[in-house]
Amino acid sequence: MALSGVKVVEFAGLAPGPFAGLILADHGASVVRVDKPGAQSQDVLARGKRSIAISLKTPSGRDVLKKIIAVSDVLIDPFRPGVLERLGLGPDAFLGDEGLNERLIYARISGFPVNGPEKNMAGHDINYLALSGVLDMLPGENKPTFPLNLLADFAGGGLLCALGIILALRTGRGQVVQTDMVSGARYVSSFPLLHKALAPASPMFASERGHNVLDGAAPFYDVYACKDGRYMTVGCLEPQFYAEFMRRFTGALPSGFTAEDGWTPPADAQTRRELWPQLRNHLQSGFATQPRDYWAGVFQGTDACAVPVLSPEEAAHRYTTVPKPHPSVDEPRFTSDLSASFVPPGAHTEAILQEYGITLEDRERLRRDHALDGRGARL
């Protein structure tokens, strides 16, 4: 596999850090997650990883981790800026001529830009989206809606961190890879942000939220409720796809169907913005006459750009319950066993200590300091 032989130390964290580690593990890297002794992990992104539970609050725990990091290729730091520095595990301890591992890729994920005024503040995906300028562009009536925690945490955070690690490994030299989720969310949103910056020369996002083609204004790019309460998506942006959609939609309506106001869309309704409210009402009324699977059958295998909204259970039946690594490069490591997504904290502590050559003397010191059971000195 592409990353076979790459050794990664991932400090346990939430969402973006574990996802970056998962991507590396899926493609062959050996990923060791560092947990606190006694931790109760809810991490479901642990497939292919191992866990060592060791206290950072004891000198012996920190010394052993330094030895493990010194012979690793990548470190993933999910903490706020300065946390690992205060523990003597910052980049300066490893990189440079005087460091313990001059080839280490030291990957850091933070919420806010490290040179910004919010750098030490607590935050979550919704906060990062708010500062990125992206949340204000997302659809929603009266206020913008947010796409779970996908855009900042996972796309702008974990995914871009993994990309940065792989790019850094390609250089063959140690360095700090800095990812922050505000900047990451902006980068993966380059398309709408650049269109907005170029307005009115680029009219795709020239208007305020809710008045553009991709943010809910266009009736031919929206979600519609069906008779059974389930949904269909319509995304026929191009004229030829719109024409195909309308032909099939109209042909599948019940005999004698008319919308509430009796309006029938003219052939050029797509390009006449003043007709969009009536077109939306027509589509809403039409979709409501039949259940979702009826409409799915109408559009199956066509260029109408209309497909059903599947529940997670339906999508799992069609694909797999455990999402497969993607893109598929050189046969990534994968198991569909859902239980493999969980790794109990400390499940591999002894094996990892032995594998990384931690001496019997050091292991005895860890036990004397209670660095493996969480009863060690508190900072």
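See the structure printed just above.
Now for a description of the structure that goes with this document. From a predicted model like this one, the values you see are computed outputs, not experimental measurements.

### Overview of the sheet that holds strand 7 (residues 221–225)
In step 1: Spatially, 3 strands are ordered 7-8-9 in an open sheet, and the strand pairing comes out antiparallel. Two strands bound the open sheet, and with one partner strand each, they are strand 7 and strand 9 (306–308). For this sheet, the mean angle separating the axes of adjacent strands, direction not counted, is 20 degrees.
In step 2: As judged from the 3 bridges shared by strand 8 (residues 231–235) and strand 9, these two strands associate in the antiparallel manner. Among the inter-strand pairings, Thr233 is bridged to a residue of strand 9, identified as Val307.

### Quick notes on the sheet that holds strand 2 (residues 30–35)
In step 1: Judged by pairing direction, the sheet is parallel, and its 6 strands sit side by side in the order 3-2-1-4-5-6 without closing on themselves. With one partner strand each, in any of the chains shown, strand 3 (49–53) and strand 6 (175–180) form the two edges of the open sheet. Between one strand and the next, the sheet's axes are offset by a mean angle of 20 degrees, whatever the strand orientation.
In step 2: In this sheet, strand 5 (residues 105–110) lies alongside strand 4 (residues 74–77) in parallel orientation, the contact comprising 4 bridges. Looking at the pairing, Ile76 lines up with Ala107 of strand 5.
In step 3: Here helix 2 (residues 59–70) sits on the sheet in contact with strand 1 (7–11), strand 2, strand 3 and strand 4, set at roughly 140 degrees to strand 1.

### Some details on the pairing of strand 1
In step 1: Counting buried residues in strand 1 gives 4 out of 5 residues, a clear majority hidden from the surface.
In step 2: Where strand 1 and strand 2 come together, 5 bridges link them in parallel fashion. Note that in strand 2 the partner of Val9 across the bridge is Val32.
In step 3: Between the parallel pair strand 1 and strand 2, the chain is carried across by helix 1 (residues 16–26), and the sense of this crossover is right-handed.
In step 4: For strand 1 and strand 4, the ladder comprises 3 bridges, and the chain directions are parallel. Of the residues in strand 4, the one forming a bridge with Val9 is Leu75.

### Thoughts on helix 11 (residues 292–299)
In step 1: Taken together, the buried positions of helix 11 are occupied by Arg292, Trp295, Ala296, Val298 and Phe299. Around the axis of helix 11, the buried residues are gathered within 160 degrees of arc, so they sit on the same side.
In step 2: Buried residues in helix 11 make contact with strand 8, helix 9 (239–252), helix 10 (276–287), strand 9 and helix 12 (312–318).
In step 3: Trailing helix 11 by a residue or two, Gly301 shows a phi angle of about 75 degrees, which is positive.

### Focus: the packing of aromatic side chains
In step 1: This structure, assessed with the given rule, holds 15 aromatic pairs.
In step 2: Aromatic pair Phe11 and Phe79: ring centres 5.8 Å apart, planes at 55 degrees, arrangement tilted. Pair noted here: Phe11 is in strand 1 and Phe79 is in the loop between strand 4 and helix 3 (83–86), with a separation of 68 residues, a long-range link.
In step 3: We classify Phe11 as buried; its relative accessible area is 1%.
In step 4: Judged by its relative accessible area of 25%, Phe79 is partly exposed.

### Observations concerning the packing of helix 2 against helix 14 (residues 360–368)
In step 1: Between helix 2 and helix 14, the least distance of the axes is 8 Å, while the angle of their chain directions is 145 degrees. Our pair here, helix 2 against helix 14, has a crossing hand that is left-handed. In this structure, helix 2 contributes Pro59, Ser60, Gly61, Asp63, Val64 and Lys67 to the contact, and helix 14 contributes Asp362, Arg365 and Leu366.

### A look at the pattern of salt bridges
In step 1: For the structure on display, the rule yields 21 salt bridges.
In step 2: Across the salt bridge formed by Glu314 and Arg230, the nearest N and O atoms sit 3.3 Å from each other. Here the residue Glu314 occupies a position in helix 12, and Arg230 occupies one in the loop between strand 7 and strand 8, the gap between them amounting to 84 residues.
In step 3: On the accessibility criterion, Glu314 (25% relative accessible area) is partly exposed.
In step 4: Given the relative accessible area of 32%, Arg230 is considered partly exposed.
In step 5: Within the structure, one salt-bridge network assembled from shared partners comprises Asp228, Arg230, Arg292, Asp293 and Glu314.

The rules behind these values
- Residues numbered from 1 in each chain as written.
- Predicted model: local features only at pLDDT ≥ 70, side-chain atom pairs only at ≥ 80, totals over all residues.
- Heavy atoms only, no water.
- Pairing = 2+ DSSP bridges.
- Helix = DSSP H or I, 4+ residues; strand = E, 2+ residues; numbered from the N terminus.
- Axes fitted to C-alpha atoms, helices over the stretch in contact; angles between N-to-C directions.
- Contact = heavy atoms within 4.5 Å.
- Buried < 20%, exposed > 50% of the residue type's maximum accessible area, 1.4 Å probe, protein only.
- Right-handed = clockwise from strand over helix to strand, strands pointing away.
- Arc of directions from axis to C-beta.
- Phe/Tyr/Trp six-rings, centres within 6.5 Å; stacked < 30°, edge-to-face > 60°.
- Left-handed = near helix turned anticlockwise from the far one by under 90°.
- Salt bridge = Lys/Arg side-chain N within 4 Å of Asp/Glu carboxyl O.

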